[in-house]
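Inside the fold
Here is what each chain is made of, one letter per residue.
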Amino acid sequence: MSGELAVSCTKVVKTYGTDDAKVMALRGVDLEVRKGELMMLVGPSGCGKTTLISVIAGILDHDEGSCKVYERDFQHMSGREKVRYRAENIGFVFQAYNLLPALTAAENVAVPLIINGMRRQEAVDRAADLLGKVGMKDKVNSLPVQLSGGQQQRVAIARALIHNPRLIVCDEPTSALDHETGHKVMELLKSVALGDNRALVIVTHDSRIFGFADRIAKMDDGHIVQVANSPDEMEH
Amino acid sequence: MYYTALKMLMGDKSKYLGIVMGLTFASFIMTQQPAIFVGLMARTFSFMTDLSQPDVWAMDPKVQYIDDIKPIQDTELYRVRGVEGVDWAMPLYKGLLKARLENGNFQTCNVIGLDDATLIGGPPIMLEGKLEDLRKSDAVIVDIEGAAGKLARTLPNGKRVALKTGDTLELNDKRAIVVGIARTTRTFQSQPVVYTTYTRAIKYAPRERKLLSFILVKAKPGEDLPALTKRITERTGLAAYTREQFQQVTMNYYLKYTGIPINFGTAVILGFIIGAAIAGQTFYNFTLDNLKQFGVLKAMGTTNGTLLKMILLQALTVGSIGYGLGVGAASFFGYMIRDSVLAFMLPWQLLVLSGVAVTLICIFAALISIRKVMKLEPAIVFKG
């Protein structure tokens, strides 16, 4: 892990709705994630975790403050630039996997490469290779419906990695999996996804995987209330 | 991404089939109903279609369509023959006369009287006998549809036997002997067609001072037909039309004074609306069901432009398939009824029109879906 910052959020504010229906999801969040770091965002439901990773991933605009990913602030990018930046630099892993059900495992993994302009066949070949590396060699041509939850999450991880992004955001990657499978998925994420120039931000409720984190940021009511270096340091 | 779009489209088979079926139905209705309409309209002037020789038809100026007979004096024929640019002009009698059948019933027939010398205006295809046989005493030629249908004899055992050469008819209490059976294009009124000579036809017809229905005119080679029709009108006071003009006049009458266009137009518009509703709704539902997938693609960096093209491709794909199936089904319908009394004509213009209509439905279906996807927040992907 280097000391350089992958993500730097300063006084980030995000509000949903207007007037009486106004809800302040982020109330001036400060957060730093270093290159090569696995940062976990934890906290009760509705505390703003998902909003924060949406802002970090550039799929949600914040209202105030600054949020830089590798020194680039999404607020200062045009819509097209933002989409391009996301396509090249961000990988996503979702709670419900969000694989395209009509595509095979390899085709799903190939999607980010195709979005970035690679020819389909070349992208699918590279996807098949990567699936081999995450232990899914024999499932390359399987549809998502033919895969178990753990296998689908492996495919989703491969999809998040295939285009070699610099930041991977994961939303509850283990919540739909049993303890053993969740553990394996986290081991896989930590082994293949982390690198010196890449950072991982994981939103989770699952305390069983806190041990995989380099640092844990605890959120409550739109604030980061604590950043701990291990689960043991966390206030209860 | 287009491959992904097509796989997304065909991945949900029930929805995919639903959209295709909706468009097939719309395409079928929007092709089949107008084809019947065009077939019916073509029948209004089919008698003219069968008469290919004359270039110009001259008649009483008050005639509104081919079956609207307003007889003129025989002497008008000689006046027309005297007009510059006329190669030849022949008389034609056309009238509805009652034929008495063997069982005592009466059947109205469309009696055509041809010029005695040249027999110009005769049936296009002779199935039995020869056109020249009309020169025999009391001779008539009957069309096959009439001979086998309304003029057929009923045997004591109830079996119907088609009229054949050698059989006799009574036309207005006068004997007529069938000397031939012809095939003619079915007319709008579907009456049996009986051909005979002009002289004999006016004997069959009730006594009137004027009996000449039309004057068939052949222009001299190289003659400008619209100019000739104008000249005939100026010199004789008769109405004169080229064949195409008279077909148009006849068709216009049916379009203006009958409910046929409204009836068929209603069916076509209903087909369009129902097709648009089914296809639009199903396609919109399909997009809603796939909204999260579009959100995932959007989050991963797919531009709105690419998503728009993906949805258009999906809509145009189902449109093309639905159009092909619908037009194919309409053509098959036309093929199956080719020997029946039903009218059906499928010109290329109709295929283009229904294609345009199906494309409009697809664009409509795509637009309502595109709007939803364009406004989609990619952050939806993080909602459980």
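What counts, and where the lines are drawn
- For every chain, the first residue of the written sequence is number 1, and numbering continues from 1 along that sequence.
- To read the labels, note that chains go from A and ligands from 1, taken in the order they are written.
- Per-residue local features are limited, in this predicted model, to residues with pLDDT of at least 70; the limit for side-chain atom pairs, both in listing and counting, is 80 or more; totals at the level of whole chains, interfaces and linings are taken over all residues.
- Think of the side-chain values as coming from all heavy atoms in the structure, minus any hydrogens and water.
- Numbering of helices and strands runs from the N terminus, with a helix taken as a DSSP run of H or I at least four residues long and a strand as a DSSP run of E at least two residues long.
- The globule rule used here is 2.2 Å times the number of residues to the 0.38 power, and the radius of gyration it is set against is calculated over C-alpha atoms.
- We call a residue buried when its accessible area falls under 20% of the maximum for its residue type, exposed when it is over 50%, and partly exposed in between, using a 1.4 Å probe and counting protein chains only.
- Accessibility throughout is a Shrake-Rupley quantity obtained with a 1.4 Å probe, and a residue counts as covered only by protein chains that appear here.
- Residues scored as positive are Lys and Arg, those scored as negative are Asp and Glu, and His as well as the terminal groups of each chain are ignored.
- Positions of charges follow a simple convention, taking NZ of Lys, CZ of Arg, CG of Asp or CD of Glu.
- Per the annotation, domain bounds derive from an automatic or database assignment of domains.
- In this description, a nonpolar core means a group of buried Ala, Val, Leu, Ile, Met, Phe, Trp, Tyr and Cys residues linked to one another through side-chain atoms lying within 4.5 Å.
- Contact definition: two residues touch when any of their heavy atoms are within 4.5 Å.
- Helix axes use the C-alpha atoms of the stretch in contact, all axes being lines fitted to C-alpha atoms, and the angles between their N-to-C directions lie in the range 0 to 180 degrees.
- Crossing handedness: left-handed means the near helix sits turned counterclockwise from the far one by under a right angle, and right-handed means the same turn made clockwise.
- Any residue outside Ala, Val, Leu, Ile, Met, Phe, Trp, Tyr, Cys, Pro, Asp, Glu, Lys and Arg is labelled polar, Gly included; the first ten of those are nonpolar and the last four are charged.
- Only rings of Phe, Tyr and Trp enter the pairing, Trp through its six-membered ring, and a pair is recorded when the two centres are within 6.5 Å. The plane angle decides the type: under 30 degrees is stacked, over 60 is edge-to-face, the rest tilted.
- Both a distance and an angle decide whether a charge sits over a ring: NZ of Lys or CZ of Arg must be within 6 Å of the ring centre and within 35 degrees of the ring normal.
- Buried area is understood as the total, over both parts, of accessible area removed when two parts are fitted together, assessed with a 1.4 Å probe.
- The working definition used for a salt bridge is a side-chain nitrogen of Lys or Arg within 4 Å of a carboxyl oxygen of Asp or Glu.
- Here a polar contact means two N or O atoms within 3.5 Å. Within protein one must be a hydrogen donor candidate and the other an acceptor candidate, and residues neighboring in sequence count only if both atoms are side-chain atoms.
- Whether two strands pair depends on DSSP finding at least two bridges between them.

Concerning the overall build of chain A
Secondary structure assignment for chain A yields six helices and 10 strands. At 18 Å, chain A has a C-alpha radius of gyration in line with the 18 Å of a compact globule built from 236 residues. Judged by the C-alpha coordinates and their principal axes, chain A covers about 50 × 40 × 40 Å. When burial is assessed residue by residue, chain A has 57% of its 236 residues classed as buried. For chain A, the computed accessible surface area is about 10100 Å², with 45% contributed by carbon and sulfur atoms. In chain A, the 28 positive side-chain charges and the 31 negative ones have mean positions that sit 6 Å from each other.

Details of the domain arrangement of chain B
Segmentation of chain B into domains returns domain 1 (2-43 + 259-382) and domain 2 (73-237). Each of domain 1 of chain B and domain 2 of chain B has a C-alpha centre, and the two are 49 Å apart.

Considering the nonpolar core
Core analysis: the biggest nonpolar cluster contains 122 residues, and Leu31, Met40, Leu41, Leu52, Phe92, Leu131 and Leu167 of chain A have the highest contact counts within it. The residues contacting leucine 31 of chain A, other than those within four sequence positions of it, are Val7, Ser8, Cys9, Met39, Leu41, Leu52, Ile56, Ala217 and Ile224 of chain A.

Quick notes on the packing of helix α10 (residues 291-299) of chain B against helix α11 (residues 304-336) of chain B
All names here are of chain B. Direction vectors running N to C along α10 and α11 enclose 145°, while the axes themselves pass 10 Å from each other. Note that α10 runs across α11; the crossing there is right-handed. Counting all contacts with α10, which are made through Phe294, Leu297 and Lys298, the residues of α11 involved are Asn304, Leu307, Met310, Ile311 and Gln314. Among the residues forming the contact of α10 with α11, the class breakdown is five nonpolar, two polar and one charged.

What to know about the packing of aromatic side chains
Residue and element names in this part refer to chain B. Taken as a whole, this structure holds 12 aromatic pairs over all chains when the rule is applied. When the centroid spacing of 5.7 Å and the interplanar angle of 5° are considered together, the rings of tyrosine 241 and phenylalanine 246 count as stacked. Phenylalanine 246 shares its class with tyrosine 241; the two are buried. An angle of 90° between the planes, with centres 5.7 Å apart, marks the rings of tyrosine 253 and tyrosine 254 as edge-to-face. The exposure class of tyrosine 254 is buried, given its relative accessible area of 4%. Here the aromatic cluster, defined as three or more aromatic residues joined through ring pairs, consists of Phe47, Trp57, Phe214, Tyr241 and Phe246. One cation-aromatic arrangement involves lysine 94 over phenylalanine 47; the distance from NZ or CZ to the ring centre is 5.3 Å. Above the plane of the ring of tyrosine 335 lies arginine 338, whose end atom (NZ or CZ) is 4.0 Å from the centre.

Quick word on the interface of chain A and chain B
The interface of chain A with chain B comprises 25 residues on the first partner and 22 residues on the second. Both sides of the chain A and chain B interface together cover about 2200 Å² of buried area, and 71% of this is carbon and sulfur. Taken as a group, Ile59, Leu100 and Ile115 of chain A account for 23% of the area that chain A buries against chain B, more than any other trio of residues on that side. There are one salt bridge connecting chain A and chain B. The tally of links between chain A and chain B comes to four residue pairs in polar contact (both at pLDDT 80 or more). Taken together, the elements giving at least two residues each to the side of chain A that touches chain B come down to α1 (49-56), α2 (79-89), α3 (105-115) and β7 (167-171) of chain A. When residues of the side of chain A that touches chain B are assigned to their parent elements, the largest contribution, five residues, is made by α3 of chain A.

Section: the sheet that holds strand β1 (residues 5-16) of chain A
Residues and elements named next belong to chain A. What the four strands build is an open sheet, ordered β2-β1-β4-β5; its pairing is antiparallel. Both edges of this open sheet fall to β2 (23-34) and β5 (72-73), since each of them pairs with a single strand only. Contacts from α1 reach β1, β2 and β4 (64-69), with the element oriented near 60° to β2.

Points about unusual backbone geometry
Residue and element names in this part refer to chain A. Phi angles above zero are rare outside glycine, and glutamate 71 is one such case at about 70°. Even without glycine at this site, aspartate 221 takes up a positive phi of about 50°. Position of aspartate 221 relative to the elements: it lies in the loop between β9 (215-220) and β10 (223-228). Since its relative accessible area comes to 45%, aspartate 221 is described here as partly exposed.

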